[in-house]
Every structure is written in structure tokens, then in C-alpha cells.
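Chains, contacts and geometry: an overview
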2 protein chains.
Amino acid sequence: MKTRRIFLQKAGISALALNLSPFSPLLGANEELNMNAMDEKPLRVAIMGLGSYGSRVARAMKDCKRAKLVGVISGTPSKIEAWQEEYNIPAKNCYNYETYSQIKDNPDIDAVYVITPNGLHKEHAIGVANAGKHVICEKPMAVNASEAKEMVDACKAAGVKLLIGYRMHFEAKTQEVIKMRMNGEFGKILFFQGLSGFIIGDPTQWRLNYELSGGGAMMDIGIYSINGARYMIGEEPIWVTAQETKNNPEKFKEGVDETIQFQLGFPGGAVASCLSTYSMNNLDKFFLNGLNGFAEMQPSTGYGPIEGRTHKGPLNHPHVTHQTTQMDEMAAIILDGKKPLVPVDGEEGLKDMVIIDAIYKAVKEGRKISLV
Amino acid sequence: MKTRRIFLQKAGISALALNLSPFSPLLGANEELNMNAMDEKPLRVAIMGLGSYGSRVARAMKDCKRAKLVGVISGTPSKIEAWQEEYNIPAKNCYNYETYSQIKDNPDIDAVYVITPNGLHKEHAIGVANAGKHVICEKPMAVNASEAKEMVDACKAAGVKLLIGYRMHFEAKTQEVIKMRMNGEFGKILFFQGLSGFIIGDPTQWRLNYELSGGGAMMDIGIYSINGARYMIGEEPIWVTAQETKNNPEKFKEGVDETIQFQLGFPGGAVASCLSTYSMNNLDKFFLNGLNGFAEMQPSTGYGPIEGRTHKGPLNHPHVTHQTTQMDEMAAIILDGKKPLVPVDGEEGLKDMVIIDAIYKAVKEGRKISLV
């Protein structure tokens, strides 16, 4: 199969470009399966930013039924070449940051998944919107709420959809807990706890460069606890308090948070207690506590299988690579107008950014920040 | 055996009063065992306050090897009568709150365990100290640090020991984790989390009466998370922040806290995140996270068996009724000058109260309170 891919690619054509029937004898078993699943029109996606997370999404998309990786945008020619080879991407679907506005003239790309550093999301997402393509933007969608608002407005003005790269919102065990909460199975929700952290390596990476990251652990991993608090409790917080601890100011420079504890208050009386850190190993726990039951998840947001249990017993849904499900579901949202269990659009991402702004403000001013 | 107890009691005498040899044929098997274990002089304890927790301590003391319940102080004659029957307590060792200062003339009582409402601890502990008896005072030792300091000073002036009714400091699994931390097995300690709460019942009980309780959940159950943070991390906090949530102001009146989240910062860079509540079911979790390992305990402070594991595996120490171990160990501290793994004296209790004062202040003023 690899041989034929290379042949097709060297010939500058893809199976799709050849307009092969899904039952063509030229297609191998895997491709036939995928094409069968793609009886419906797939969402044809270009990935912008071919770093490690972009690569993870691309690999996951190999198993997608409704979404298909068809293009790339990168400043690094050697990466483009490698991806063309690996994913059978035609040259006409390859762009760099100088040329990607021309994507507007490319009828074979429906959407661009922006997976560049946080500090570039606004420029890139708006650039994609202005090229008339739907935007999927990795989270955090921006470095602050003001940028996020600009992005939401720009996508609205351009008439394209803006989705945020939420994985967990589509994960089966997570959804089961959300459904149980929606059905009132936990009773009145009283408490959510999220512990999100890991020890970040290479100190020269963009995630530790304020200009590119817009922050530190909060932007990267703490946001999972913010998301968790919101989708587990099912309300929007009305206040936030936060406390920062920085033990390694060499590694975590001005503006790059190492460890922040934050607390959220909710209109129904629930509270959330969360930890965001770049200095602790494998902190990945959610705990939702209601008057009549609880849910515990650990790992709660990692890439591997989520493990969890509720007062009713263990959660046994099979693991599916999160990004595979995410991209298929996002294809259905964009193409079919499917309504997800929990919103994943730009307005949702903006809510995260409003909270992150408030967390940083709470740290700086040392007081409770109201969100209403 | 019950028959003989009743006989001895009706005759107004106890086995001890009869000065029976431990090997006397008048003693049953259980008593012989206890007497054998009491080859060393036991700590002869009177319990002041015969409520539900006092009763729990008394039952646990039946299995003690070094401590012995020999007296009671209560304002309720019917309770005294029932305890005399149950515990074979001679009339000469029974007092009420008007007469207990006379305990100074009773050579058969070494120490008094004060288990009255928090708001009365200071008066009672100082009263016992002034009667020349050692004081064991249930926690919280007082309703604020100022009272606690008075108690420490009074006991020092009277030349008696003051111990605080810490159970967990002697519990085997808890001690194992503390020893592992002392041995550096977790590496640098980064995070402690304590969730302490339950749904309190009867709204008319003294624990919900500010005059008697001096506070709410924090005084009663949140203090376990404070203790846990201190003995698990092995440092004293340098700052505290706290946020209160009160959903039921009818049940939890002015000054009686329902739910407080609090955070502690430690000089070594660790942080603690804790929850204290009277409105959530069975919250009883500790989590200690270091650079090289972790400990999780759930239940972490309940009366039943503690369950826990570390990165090395499950903690398998057998369960012993906490108050049995506590009272035996306290006997060794008082009688032999034994040094406990973690201090349990009045100075230790005072540290709790300083933190509780700061938590209430942090809630009231909405800012970080320094503890140094």
C-alpha cells in the first residue's frame, strides 16, 4: 500500500483526485473501508502547524470516517514533504504562511485546523476565516478574551464556523458523566475538583516563551480543569480566586505561570478547586461530587484511555483515539449542523479565555474576581 | 463478667479499689489480659463531657494497654450513672462541672480528657490544669489562637502536660506515609490536597451553635485537612487564602461556616488545596504529591479503616481503633516522656488555631493572609 501511495503521490495525484470509485480494484482493503464510511461527503481538512500535536491529530485522522486530512500549512518545506509522503497530500494543497491566504481559491479544502503556538492563533484563525474556510482552532483559542472575541467576530463576519480543539467534550466516558449530571443522577452538584499538570521538559520550547504562549501551564494544561469544571458542573462560574506559586523563575519567566491554584464559584452554589502546574508529575484527576453521587476520573484528560467510576460503578466505554472522534464529530457539526452534547464553538472558547483572564487578574490583584 | 461488675459496683468498689492482684482468681480472662498488659503503671484518665465522641473514646479505651478510664465529669447525673455501670467507675471518681476542681485531691486520676464543646475547652482545660492534672483536649483545642495560647501558658504554669486529641497522628498508615516523606521517598514535596466533609444532621446540635462551636465545618472537620497538610508536607504554612460558600444560611448561621475552600503555601514551595464542608457526603481524601512519588488516602481520617496507597503500592497496616492507639500512645507520652512521630502537644494545637484564625480572616478580608 505504501508503494502505491508513493506512486500516486509522485504522480502528483491522490486517489480522490483520480476520482476513483470506492470499489475500484486500485484501492486496498483499508482504503475501501474508509471510502465506504465516507459515503457521506467528508470534511476536507488542512492542518496549519506541523508540530508534535499537529502530527498527533494527523495520525488520529487516519481512522476518521467523516474527516479527511487533505492539506498542510507550514513554514518548513521539509515537514511539508514528509507529510505529503505520509498522508498522500497533493502539492496543490500545500501552503506556507506567506501563501495560505490563497487557500480561498482551493475548492478541495473545507476547513483549516490551526495548531500553531497560542500567540499566533488570532492571526491565523482570522486569516483562515478571511480565506473563507471553516476554522478549527486548538485551545487555548487565543492568549486573552479580547483576541478570542475578535476571532469569534471575524468568523461570524466571514460566514465560517469556528470550532475549538476540544477533545474531551467528545470522549465517551466524559460524555457519560455529563449525561448523568444532565439527568440529575448526581443530585445537586456541590463540588468539582480538577488537578491538571505535568513536568514540562525543554525550557526553550515555545510553550515557555511568553510571546508565543501568552502564559504558562494555565494556557496549556490548566485549561482542562477550567473546561472540566464547566462541563461537569454544567454552569458558568460567577467568581474566581487564584494563587500562584513559582519555584523556578529561571525556567518559568515573567508571564509564564508554573503553578496556579484556582477556585471557581457557581450560581447553583457549587464550588470548584483546581490546580494547574508545569512542575508536578502526571496530575490528571477530575472529581465531581453531588448530593446523591459522584464521579472520579483519573486519568481525566490524558491522550490514553480515560479511567473513571461513579457511585454506580466503573465507566466501561471503550477507548477511541480522542482526536479521531473529535474530528469526525466536528465534521458532522460543520457539514450537517449536528449539535454536540456540549458546545465546542468559538463562544465556548471565549468563555475559557474570560476565565483565564480573570485567573491571572485574581493572582495579580490577590482578590476574588467577579465574572458576572 | 457483667454480673460481677454490677456486684462490685453495687458494693461501691472496683477491682482496682479492691487492690486485687492481676492474677486474682476473682478476675476474668479479659481483665487478666488487660492487667498483664498493664504491668506498667497505666495512665488513669477521666473523661469530661459524656457525649457521643466521649462515648466513642471510652469504648475504644476498653482495649487500651497503657491508658485506663477511671473517672467521669458530666453535668448529667443519668449519664454518670450509665457510665459507672458500663465502665465500672467508682463514685469517688465522678464529678460534675461544679465539683471537678476537687479532682486535685483525687490521687487516682492522672489526666482528664476534655471532650466538651469547643467554646468550653479553654475554661475546662485550664480548670483541669489548675487542679494539677494532665490535660488531653479534643480538637479544635479552642475557638481561636488567643484562647489556645492561654491554655498552653496555663498548663505550663501548672506544670501539667497538655495534649491535643489527635487521632490520625498515631494511625499506622498515616504514620507510614509520614515516615516515607521523612525518608525522602516522595522526593521534593509539591502538593497536598485534603477534602474533609460530611453532611451534618440535627440543626440544633452544639456544633452549629456559634457560642459553643466557635465556627462551623472548619472547626470540626476542616481541621483534619489542616492537620493533614501540616503532617504530610512536614512544614508550617507561610500564607493562606480561603473562600467561603454558604448555600443554607438558615442551617449555618452567622459565624458557622458551611463550606470553605482554603489554600496554603509552604516555605519549600509546596502548596495545599483543601475543602472543608458540612454539606457534602463523605469527603475524606488526602493526596500528597512529590517529585518522585505520591500517597493517596481515602478514607483518610474517618473512624473506620483508613485506605491508602503510594507509588510503591497499597498500604496494608492492620486497622486498630484510632482512639485505642491514641490513648495508649498518649499514656506513653505523659508517663514515659515518649516522643511521638509528630508532635501532639498544645503548641501543635495552637498552630492549628493560628491557621484557622487566618482562614477566617482570609475569607472575611478576601485576601492572602501571611502566617510569617
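On record in UniProt, under Sequence similarities (unreviewed entry), the comment for chain A is "Belongs to the Gfo/Idh/MocA family."

Description of the overall build of chain A
Check the secondary structure of chain A and you find eleven helices and 15 strands. A burial count over chain A gives 57% of its 372 residues as buried. Roughly 14900 Å² of accessible area belongs to chain A as shown, and the carbon and sulfur atoms make up 52% of that amount.

Some remarks on the sheet that holds strand S11 (residues 279-290) of chain B
Residues and elements named next belong to chain B. Reading across the sheet, the nine strands line up as S14-S13-S12-S11-S7-S10-S9-S8-S15 and stay open at both edges, with mixed pairing between neighbours. With partners counted over all chains shown, the strands left at the sheet margins are strand S14 (313-314) and strand S15 (369-370), one partner each. Alignment of strand S8 (residues 239-245) against S15, held across two bridges, turns out to be antiparallel. When the bridges of S15 are listed, valine 240 appears paired with isoleucine 369. Contacts from helix H9 (residues 217-233) reach strand S7 (189-199), strand S9 (259-265), strand S10 (271-277), S11 and strand S12 (294-297) within the one sheet, and its direction differs from that of S7 by about 160°.

A closer look at empty space enclosed by the protein
Under the definition given, this model contains four cavities of 30 Å³ or more. Each residue belonging to the lining of the largest cavity can be placed in one class, and the counts come to three nonpolar, five polar and one charged. Estimates place the volume of the second largest cavity at around 40 Å³. Looking at the second largest cavity, the residues that line it are Leu190(A), Gly269(A), Val271(A), Thr245(B), Asn247(B), Glu258(B), Thr259(B), Ser279(B) and Met280(B). When its residues are assigned to classes, the lining of the second largest cavity shows three nonpolar, five polar and one charged.

Some points on the state of the cysteines
The final tally for this structure, using the stated rule, is zero disulfides over all chains. This cysteine, Cys137(A), is not joined by any disulfide, and Cys155(A) carries the nearest cysteine sulfur, 8.7 Å off.

So, the packing of helix H3 (residues 52-61) of chain B against helix H10 (residues 322-336) of chain B
All names here are of chain B. Look at H3 against H10: their axes get within 8 Å of each other, and the N-to-C directions meet at 75°. Considering the angle they form, H3 stands roughly perpendicular to H10. Contacts from Tyr53, Arg56, Val57, Ala60 and Met61 of H3 reach H10 at Gln323, Thr324, Gln326 and Met327. When the residues that make up the contact of H3 with H10 are grouped by side-chain class, the tally is five nonpolar, three polar and one charged.

Describing the pairing of strand S1 (residues 43-48) of chain A
All names here are of chain A. Where burial is concerned, most of S1 is hidden: six out of the six residues are buried. The side-chain alternation of S1 yields two buried faces, one formed by Leu43, Val45 and Ile47 and the other by Arg44, Ala46 and Met48. In this structure, S1 lies alongside strand S2 (residues 67-73), joined through six bridges in parallel fashion. Across the sheet, isoleucine 47 pairs through a bridge with valine 72, a residue of S2. Note on the crossover from S1 through helix H3 (residues 52-61) to S2: the handedness is right-handed.

Regarding the interface of chain A and chain B
When the parts of a complex come together, some accessible area is lost, and that lost area is often taken as the interface size. Across the contact, 32 residues belong to chain A and 33 residues belong to chain B. Across the interface of chain A and chain B, roughly 2500 Å² is buried in total on both sides, 51% from carbon and sulfur atoms. Among the residues of chain A in contact with chain B, Gln243(A), Gln261(A) and Met280(A) are the three that bury the most area, contributing 18% of the side total. Here Lys285(B) ties to Glu296(A) by a salt bridge, and the two come within 2.5 Å at their closest N and O atoms. Linking chain A with chain B are 14 residue pairs in polar contact (both at pLDDT 80 or more), by the criterion used here.

Comments concerning the side chain of Asp284(B)
Residues and elements named next belong to chain B. By secondary structure assignment, the location of aspartate 284 is in strand S11. Of the side chains with opposite charge, arginine 167 comes closest to the buried, unpaired aspartate 284, at an N-O distance of 7.3 Å. For aspartate 284, the side chain forms a polar contact with the main-chain nitrogen of glycine 302, separated by 2.9 Å. Not counting residues within four places of it along the chain, the set of residues in contact with aspartate 284 comprises Leu195, Met297, Gln298, Pro299, Ser300, Thr301 and Gly302.

Details of the pattern of salt bridges
All names here are of chain A. Inspection of every chain in the model, using the stated rule, returns 38 salt bridges over all chains. Note that aspartate 110 is salt-bridged to arginine 44, the shortest N-O span being 2.8 Å. One end of the pair, aspartate 110, is in the loop between strand S3 (94-95) and strand S4 (111-114); the other, arginine 44, is in strand S1, and 66 residues separate them in sequence. Looking at aspartate 110, the relative accessible area reads 12%, which means it is buried. A residue is classified by how much of its surface remains accessible, and arginine 44, at 18% relative accessible area, is buried. Here the salt bridges do not stand alone but share partners, grouping Lys41, Arg44, Lys92, Asp108 and Asp110 into one network.

Brief notes about helix H11 (residues 346-365) of chain A
All names here are of chain A. Taking 1.5 Å of rise per residue, the 20 residues of H11 would be expected to cover 28 Å, and the 28 Å separating its terminal C-alpha atoms lies within 8% of that figure. Within the span of H11, buried status applies to Gly346, Glu348, Gly349, Leu350, Asp352, Met353, Ile355, Ile356, Ala358, Ile359 and Ala362. Lining the buried residues of H11 we find helix H6 (145-158), strand S6 (162-164), helix H9 (217-233), strand S8 (239-245), strand S9 (259-265) and strand S15 (369-370). Phi turns positive, to about 60°, at glycine 366, one or two residues after H11.

What to know about the sheet that holds strand S7 (residues 189-199) of chain A
Residue and element names in this part refer to chain A. In space, the nine strands of this open sheet follow the order S14-S13-S12-S11-S7-S10-S9-S8-S15, with mixed pairing throughout. Each of the sheet's edge strands pairs with one partner strand only, and the pair in question is strand S14 (313-314) and S15. In this sheet, S14 lies alongside strand S13 (residues 308-310) in antiparallel orientation, the contact comprising two bridges. Bridge pairing in S14 places arginine 309 opposite proline 314.

A few points about the relation of the copies chain A and chain B
Least-squares fitting of chain A to chain B yields an RMSD of 0.0 Å, with the transformation described by 0.0 Å of translation along the axis and a rotation of 180°. Between the two chains, the operation in question is that of a two-fold axis. The C-alpha atom lying nearest the rotation axis in chain A is that of Arg367(A); the distance is 2.7 Å.

The rules behind each value
Residues numbered from 1 in each chain as written. Chains lettered and ligands numbered in written order. Predicted model: local features only at pLDDT ≥ 70, side-chain atom pairs only at ≥ 80, totals over all residues. Heavy atoms only, no water. UniProt positions renumbered as here; feature names shortened; annotations may be inferred. Helix = DSSP H or I, 4+ residues; strand = E, 2+ residues; numbered from the N terminus. Buried < 20%, exposed > 50% of the residue type's maximum accessible area, 1.4 Å probe, protein only. Areas by Shrake-Rupley, 256 points an atom, 1.4 Å probe, with all protein chains shown as cover. Pairing = 2+ DSSP bridges. Contact = heavy atoms within 4.5 Å. Axes fitted to C-alpha atoms, helices over the stretch in contact; angles between N-to-C directions. 1 Å grid on protein atoms, 1.4 Å probe; cavity = no way out; pocket = protein on both sides within 12 Å on 5 of 7 lines; lining within 4 Å. Points joined across faces, edges and corners; volume = space filled by probe spheres on them. Nonpolar A, V, L, I, M, F, W, Y, C, P; charged D, E, K, R; others polar. Disulfide = S-S within 2.5 Å. Parallel < 35°, antiparallel > 145°, perpendicular 65-115°, else oblique. Right-handed = clockwise from strand over helix to strand, strands pointing away. Buried area = accessible area lost by both parts, 1.4 Å probe. Salt bridge = Lys/Arg side-chain N within 4 Å of Asp/Glu carboxyl O. Polar contact = N/O pair within 3.5 Å; in protein donor to acceptor, adjacent residues only side chain to side chain. Lys, Arg positive; Asp, Glu negative; His and termini not counted. Expected span 1.5 Å × (residues − 1). Least-squares fit on C-alpha atoms with pLDDT ≥ 70 in both.

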